[in-house]
Amino acid sequence: MLCNLRSHMRIHTLDKPFVCRFCNRRFSQSSTLRNHVRLHTGERPYRCHVCHSAYSQLAGLRAHQKSARHRPPGGVPPSLPGPTLPHHMPTLVI
């Protein structure tokens, strides 16, 4: 938990210890640097299982999967792959 707080506080203190090896741009989060580096390398690890389009970020793939391109003629989009909770019970909030 302390690590998460330390990571979050870097956003507010403007501490940016993560540096891009291609352009020297600095980032406060290692995940942001990882996504940025993909702009330089062209890496696209997220691939659509239907049409094989590839994306550098998971959010891009998810948006693509929700697009009209993947809707059958009836208009109902196919379900997206992901974790399932077959025996999940709703949380009771008191």
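Structure: above.
First, a word on scope: everything that follows refers to the structure included in this document. Just so we're clear, the structure is a prediction, and the values are computed from it rather than from any experiment.

**Focus: the pattern of salt bridges**
At step 1: One pass over the structure, following the stated rule, counts one salt bridge.
At step 2: Of the charged contacts, one joins Arg38 and Glu43 as a salt bridge, the two residues approaching to 3.6 Å between their closest N and O atoms.
At step 3: Residue Arg38 is classed as buried on the basis of its relative accessible area of 10%.
At step 4: Taking the relative accessible area as the measure of exposure, Glu43 reaches 41% and is therefore partly exposed.

**Concerning unusual backbone geometry**
At step 1: Positioned with a positive phi, Leu14 is a non-glycine residue whose angle comes to about 65°.
At step 2: Considering the arrangement of structural elements, one finds Leu14 in the loop between helix 1 (2-13) and strand 1 (18-19).
At step 3: Owing to a relative accessible area of 64%, Leu14 belongs among the exposed residues under this scheme.
At step 4: Even without a glycine there, the phi angle at His52 is positive, about 70°.
At step 5: Within the secondary structure layout, His52 lies in the loop between strand 3 (46-47) and strand 4 (54-55).

Parameters and conventions
Residues numbered from 1 in each chain as written. Predicted model: local features only at pLDDT ≥ 70, side-chain atom pairs only at ≥ 80, totals over all residues. Heavy atoms only, no water. Salt bridge = Lys/Arg side-chain N within 4 Å of Asp/Glu carboxyl O. Buried < 20%, exposed > 50% of the residue type's maximum accessible area, 1.4 Å probe, protein only. Helix = DSSP H or I, 4+ residues; strand = E, 2+ residues; numbered from the N terminus.

By themselves, these are just geometric observations and shouldn't be taken as functional.
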